[in-house]
Structure formats: structure tokens, C-alpha cells
Amino acid sequence: MGETFDRGRFDVASDWFEMEATAALNDHSGSRKAVMFRQSLPLGAIVTYRVSTYP
């Protein structure tokens, strides 16, 4: 990108996050996908959407 590229001029941030988790115990398993929205404290992150699967 040449010597004129200044990394200090770029910033990446998001208030939205996707989470995926899977758990298994013996013959049982489950998974969950969730979308979280990050708010300022004292609220913090809240789940806005989730889907759980237990095959």
C-alpha cells in the first residue's frame, strides 16, 4: 500500500455479534446460535435473537 498508508486513520468497531455454541454429554447434544447487541454499561450485551437445536 505504499508509504502513504496510515493505519491510525482506520478503525473497526461493531455493536452486533453472532455467537455459536455446541455442547455434548454422553448421548445428548445441543447447539445454539444467537445474535447479541452490545450496549453501554450497566446494560452490557443483550441477546436479540436465538435459535436452539437439540437433535
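Let me begin by describing the structure that accompanies this report. On a predicted model such as this, the values are computed, not experimentally measured, just so you know. (Residues numbered from 1 in each chain as written. Predicted model: local features only at pLDDT ≥ 70, side-chain atom pairs only at ≥ 80, totals over all residues. Heavy atoms only, no water.)

Some thoughts on the packing of aromatic side chains
Thinking step 1. Counting across every chain of the model gives one aromatic pair.
Thinking step 2. A centroid spacing of 4.7 Å and a plane angle of 45 degrees characterise the contact between Trp16 and Phe37, whose relative ring orientation is tilted. With Trp16 in strand β1 (residues 16-25) and Phe37 in strand β2 (residues 28-38), this residue pair connects regions lying 21 residues apart in the sequence.
Thinking step 3. Look at Trp16 and you get partly exposed, because its relative accessible area is 49%. (Phe/Tyr/Trp six-rings, centres within 6.5 Å; stacked < 30°, edge-to-face > 60°. Helix = DSSP H or I, 4+ residues; strand = E, 2+ residues; numbered from the N terminus. Buried < 20%, exposed > 50% of the residue type's maximum accessible area, 1.4 Å probe, protein only.)

Here's the deal with the environment of Gly30
Thinking step 1. On the secondary structure map, Gly30 appears in strand β2.
Thinking step 2. Here the alpha-carbon distance between Gly30 and Pro55, two residues 25 residues apart in the chain, equals 6.7 Å.
Thinking step 3. Beyond its immediate stretch of four places on either side in the chain, Gly30 contacts Ala21, Thr22, Ala23, Thr53 and Tyr54. (Contact = heavy atoms within 4.5 Å.)

Focus on the pattern of salt bridges
Thinking step 1. In total, this model carries one salt bridge according to the counting rule given.
Thinking step 2. Ionic pairing is found between Arg38 and Asp15, a salt bridge with its closest N-O pair at 3.3 Å. Of this pair, Arg38 sits in strand β2 while Asp15 sits in the segment before β1, and the two are 23 residues apart along the sequence.
Thinking step 3. Residue Arg38 is classed as partly exposed on the basis of its relative accessible area of 40%.
Thinking step 4. Relative accessible area serves as the criterion here: at 36%, Asp15 is assigned to the partly exposed category. (Salt bridge = Lys/Arg side-chain N within 4 Å of Asp/Glu carboxyl O.)

As for unusual backbone geometry
Thinking step 1. Pro42 follows Leu41 through a cis peptide bond whose omega is 15 degrees.
Thinking step 2. Within the element layout of this structure, Pro42 appears in the loop between β2 and β3 (45-53).
Thinking step 3. Phi is positive for Asn26, which is not a glycine, with a value near 55 degrees.
Thinking step 4. Note on placement: Asn26 falls in the loop between β1 and β2.
Thinking step 5. Asn26 gets classed as exposed once you look at its relative accessible area, which sits at 74%.

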